[in-house]
Amino acid sequence: MAQMEEEKFIAGAFEALIDRGVAKKTMLSPSTVTDADINKFEKKFGIELPSIFRTYLKAYCYEFTVICAPVPVDGIENDRPGSEKGLWWIELLSLPKEEPLRNLYALMESFRRICTDSGLVNLELDKIKQFVPIGEWDGPLCIDLGQTKACVQNPDTWQICSFDQTVFDWKKAGYLDENGIVKGEKKFPDFKTLLELYFYGKYDKEYEQQLKKDGEELPDYNTYIQKRR
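In this text, all values refer to a predicted model and were calculated from it rather than measured experimentally.

## Thoughts on the state of the cysteines
Here is step 1: Scanning all chains against the criterion turns up zero disulfides.
Here is step 2: Of all cysteine sulfurs in the structure, the one in Cys161 sits closest to Cys142, which takes part in no disulfide; the separation is 5.4 Å.
Here is step 3: Given a relative accessible area of 0%, Cys142 falls into the buried group.

Right under this line is the structure:
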């Protein structure tokens, strides 16, 4: 995706949050994150963030973290017309006005500390260096920088994964493949897909139709987002 397309997509994602009634304009303020700030973060941790995530960081500051959206119950890779949808909550990185990247630093430092602690996960840094935590899903929700070409029908190629924060035996949990490569539990093909689901509300209409068919009340979209307590 070209830079201008990324900027348009990210701007549209935040606009969609407002148009859907999930967020209010007052919840957003222009981001103060600069390329220099992101370059400093990348240099500190020896990584290179995906372009679309850099664009996201430079779009808006906001305090909310917990957000939900309807997603296919059987998984995105098995989505088909008429398939059942259900609400799933995730916790995203918040970007406050003051020191907007401080939470990203904290997530990164915590993830690496737990992963390399000999009394916890006990892995070498090189094994987990490519993972960037961007929130929580029963544990760190990460971008896997080692996955560069995601195929929706093949979860093994997906870039967004999670790790249960209560599990430290990653081999037993299935977070390592047969070659000892860390893969985590795959959640989304990529960051763009995450925004399509949780910001653009890709499955809102289908979910509403499902609720109507089942004789249930339509969702109150302003309850789809909240600050962490």
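Next comes the rest of the description.
## A short note on unusual backbone geometry
Here is step 1: Residues other than glycine seldom take positive phi values, yet Glu99 does so here, at roughly 50 degrees.
Here is step 2: Here Glu99 lies in the loop between strand E4 (85-92) and helix H4 (102-116).
Here is step 3: Phi at Asn122 takes a positive value of approximately 60 degrees, unusual for a residue other than glycine.
Here is step 4: Position of Asn122 relative to the elements: it lies in the loop between H4 and helix H5 (125-128).
Here is step 5: The exposure class of Asn122 is partly exposed, given its relative accessible area of 48%.

## Some details on the nonpolar core
Here is step 1: Ranked by internal contacts, the top residues of the largest apolar core, which has 53 residues, are Phe53, Tyr56, Leu57, Leu194, Tyr198 and Phe199.
Here is step 2: With sequence-adjacent residues up to four places away left out, Phe53 is seen in contact with Leu93, Leu104, Ile134, Ile143 and Phe191.
Here is step 3: Phe111, Cys115, Phe163 and Leu176 belong to the second largest nonpolar core, which has 13 residues in total.

## Thoughts on the sheet that holds E4
Here is step 1: Read across the sheet, seven strands follow the order E8-E7-E6-E5-E4-E3-E9 without closing on themselves; strand pairing throughout is antiparallel. The outermost strands of the open sheet, each flanked by one partner alone, are strand E8 (185-188) and strand E9 (225-226).
Here is step 2: Across two bridges, strand E3 (residues 66-72) lies against E9 in antiparallel orientation. Among the inter-strand pairings, Val66 is bridged to a residue of E9, identified as Gln226.
Here is step 3: Against the sheet, H4 touches strand E5 (131-136) and strand E6 (140-144), its axis set at about 115 degrees to E5.
Here is step 4: Each of E3 and E4 touches helix H8 (residues 204-213); the most contacted strand, E4, lies at about 135 degrees to it.

## Remarks on the packing of helix H1 (residues 3-19) against helix H7 (residues 191-198)
Here is step 1: For the pair H1 and H7, interaxial distance at closest approach is 9 Å and the crossing angle is 25 degrees. Here H1 lies roughly parallel to H7, going by the angle between them. Handedness of the crossing formed by H1 with H7: left-handed. Contacts between H1 and H7 involve Phe9, Ile10 and Leu17 on the former and, on the latter, Lys192, Leu195, Glu196 and Tyr198.

What counts and how
Residues numbered from 1 in each chain as written. Predicted model: local features only at pLDDT ≥ 70, side-chain atom pairs only at ≥ 80, totals over all residues. Heavy atoms only, no water. Disulfide = S-S within 2.5 Å. Buried < 20%, exposed > 50% of the residue type's maximum accessible area, 1.4 Å probe, protein only. Helix = DSSP H or I, 4+ residues; strand = E, 2+ residues; numbered from the N terminus. Core = buried A, V, L, I, M, F, W, Y, C linked by side-chain atoms within 4.5 Å. Contact = heavy atoms within 4.5 Å. Pairing = 2+ DSSP bridges. Axes fitted to C-alpha atoms, helices over the stretch in contact; angles between N-to-C directions. Parallel < 35°, antiparallel > 145°, perpendicular 65-115°, else oblique. Left-handed = near helix turned anticlockwise from the far one by under 90°.

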